[in-house]
Each structure stands twice: as C-alpha cells, then as structure tokens.
Amino acid sequence: MDASEARAAEAAAPATVETFDIAQIMRAIPHRYPFLMVDRVVEVRKNVSAIGIKNVTINENFFQGHFPEHPVMPGVLIIECMAQTAAVLVVETLGPEARGKLVYFMTVENAKFRKPVVPGDQMRVHVVKEKQRANIWKFAAEAKVDGKVVAEATYAAMILDR
C-alpha cells in the first residue's frame with residue numbers, strides 16, 4: 001500500500017476514535033522526561049492512523065542550547081515526536097499482545113522540514129500506517145502547526161520484546 005492508498009484507507013476507516021491523555025501515553029510507551037515528546041494523542045484509529053499533539057514551550061530543555069537567541073525545535077525531535085505517536089498507534093493496535101514490547105526505529109526516509117517550530121506552537125503530528133509485515137511497520141507522517149505542514153517523513157519501526 002503506498003501513501004495515497006494509506007490516506008484513502010484512513011478516510012474510509014470507521015470512526016473508532018480514541019483519545020489518550022499523558023498518563024495513558026506513559027502506560028503505552030516507555031519514554032519519560034526529558035524525552036517524552038507527545039503530550040496527548042487526540043485520535044487513534046486502530047491499525048490505520050493517529051494524531052499526536054506536542055505543545056512546544058520555551059521551558060523545553062533543548063531550547064537552552066538550540067539557538068538560545070532564536071529558539072527552534074530540533075528537526076530530529078520533531079521526527080521523534082512522529083515516532084512516539086506511531087508507537088502509541090502500534091501499542092493500541094496490538095492491544096494486550098503489545099505488553100512487554102518496544103517499538104524501535106529502523107529507518108527514516110524523505111524527511112523534509114518546511115518551517116521552524118518555535119515556542120508557543122502546538123504541533124499536530126498526523127501518522128498513517130502504510131504497511132506491516134510481521135513485526136516491521138512502515139509509517140508516513142506530517143507535523144503541522146496551525147494547519148500548515150512544518151515537517152514530513154516516512155519511517156519504519158520494528159516491534160521487539162524488551
């Protein structure tokens with residue numbers, strides 16, 4: 001399934017939408033401060049897609065060193081936010097079968113950064129599952145601020161036991 005087919009599948013998917021607050025996210029994935037990059041997941045369509053939210057504030061520790069005079073969220077952390085949103089999708093899709101497993105990054109492809117993400121922005125990360133073979137999952141993602149794409153990438157992850 002290519003990206004356009006994945007988006008068509010997302011549009012046709014039943015409206016089984018779930019929302020995850022920070023406590024539920026922390027039960028789903030092992031990341032913790034200062035590396036937890038998702039504040040809320042506002043939409044999960046099992047086995048199809050998810051939308052995560054990152055509220056970007058000047059209090060983020062990375063702004064101390066990433067251009068203190070002109071704070072910009074590092075692109076790699078935007079990609080990490082995409083990966084963590086996808087991990088929540090994987091864990092929710094697998095259900096109890098996901099207990100004791102971790103989602104490991106394998107590849108990042110076609111990453112593009114369109115606009116800087118700065119303190120005060122609310123970044124919405126739209127993740128679509130493109131395909132899955134055994135324990136390998138492939139995703140396409142877009143990060144948006146105020147409805148405008150600020151970054152995009154495709155990436156793959158492997159689901160393994162801890």
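Computed from a predicted structure; not experimentally measured.

Visitor: Could you give an account of the pairing of strand 2 (residues 40-45), naming the residues involved and the relevant values?
Guide: Where strand 1 (residues 18-20) meets strand 2, two bridges bridge the pair, whose relative direction is antiparallel. Bridge pairing in strand 2 places Glu18 opposite Val44. With five bridges connecting them, strand 2 and strand 3 (residues 49-55) associate as antiparallel partners. Residue pairing in the sheet places Glu43 in a bridge with Ile51 of strand 3. Hairpin connection between strand 2 and strand 3: a loop of three residues separates the two successive antiparallel strands, and Asn47 in this loop has a positive phi of roughly 65 degrees.

Visitor: Help me get a handle on the side chain of Thr85, residues and values and all.
Guide: By secondary structure assignment, the location of Thr85 is in helix 3 (residues 75-94). Sequence-distant contacts of Thr85, that is, excluding residues within four places in its chain, are made with Val38, Ala50, Ile51, Gly52, Val125 and Val127.

Visitor: Tell me what's going on with the nonpolar core, and back it up with residues and numbers.
Guide: If you look at the biggest cluster of nonpolar residues, it comprises 42 residues, and the most contacted ones within it are Met73, Met82, Met123 and Phe139. Among the elements of the structure, helix 2 (22-28), strand 2, helix 3, strand 5 (122-133), strand 6 (136-145) and strand 7 (148-161) are those that each provide at least two residues to this core. No other element matches helix 3, which puts 12 residues into this core.

Visitor: Report on the UniProt feature "active site" (unreviewed entry) in the chain, specifying residues and quantitative values.
Guide: UniProt marks His66 with the feature "active site" (unreviewed entry), using the numbering shown here. Mapping His66 onto the fold places it in the loop between strand 3 and helix 3. The contacts of His66, once residues within four sequence positions are left out, are Pro71, Val72, Met73 and Pro74.

Visitor: Can you explain the sheet that holds strand 2? Please cite residues and give values.
Guide: In spatial order, the strands read 1-2-3-5-6-7-4; together these seven strands make up an open sheet with antiparallel pairing. The open sheet has two free edges, formed respectively by strand 1 and strand 4 (101-113), since each of these has just one partner strand. Averaged over all adjacent pairs, the angle separating strand axes in this sheet is 25 degrees, with direction ignored.

Visitor: Give a detailed account of the side chain of Gln84, specifying residues and quantitative values.
Guide: Counting through the fold element by element, Gln84 comes out in helix 3. By relative accessible area, which is 0% here, Gln84 ends up buried. Within the local environment of Gln84, its side chain forms a polar contact with the backbone nitrogen of Met37, the two atoms lying 2.8 Å apart. The residues touching Gln84, leaving out its near neighbours within four places in the chain, are Ile29, His31, Phe35, Leu36, Met37 and Val38.

Visitor: So what's going on with the pattern of salt bridges? Which residues, and what values?
Guide: Across all of its chains, the model carries eight salt bridges by this definition. In this structure, Glu92 and Lys46 form a salt bridge, with 3.5 Å as the shortest nitrogen-oxygen distance. With a gap of 46 residues between them, Glu92 in helix 3 and Lys46 in the loop between strand 2 and strand 3 connect regions that are remote in the sequence. What makes Lys46 partly exposed here is its relative accessible area of 43%. In this structure, Glu142 engages Lys144 in a salt bridge whose closest nitrogen and oxygen atoms are separated by 3.8 Å. A relative accessible area of 23% means that Glu142 is categorised as partly exposed. Each of the salt bridges in this network shares a partner with another, and the network as a whole consists of Glu18, Lys46 and Glu92.

Cut-offs used in this document
Residues numbered from 1 in each chain as written. Predicted model: local features only at pLDDT ≥ 70, side-chain atom pairs only at ≥ 80, totals over all residues. Heavy atoms only, no water. Pairing = 2+ DSSP bridges. Helix = DSSP H or I, 4+ residues; strand = E, 2+ residues; numbered from the N terminus. Contact = heavy atoms within 4.5 Å. Core = buried A, V, L, I, M, F, W, Y, C linked by side-chain atoms within 4.5 Å. Buried < 20%, exposed > 50% of the residue type's maximum accessible area, 1.4 Å probe, protein only. UniProt positions renumbered as here; feature names shortened; annotations may be inferred. Axes fitted to C-alpha atoms, helices over the stretch in contact; angles between N-to-C directions. Polar contact = N/O pair within 3.5 Å; in protein donor to acceptor, adjacent residues only side chain to side chain. Salt bridge = Lys/Arg side-chain N within 4 Å of Asp/Glu carboxyl O.

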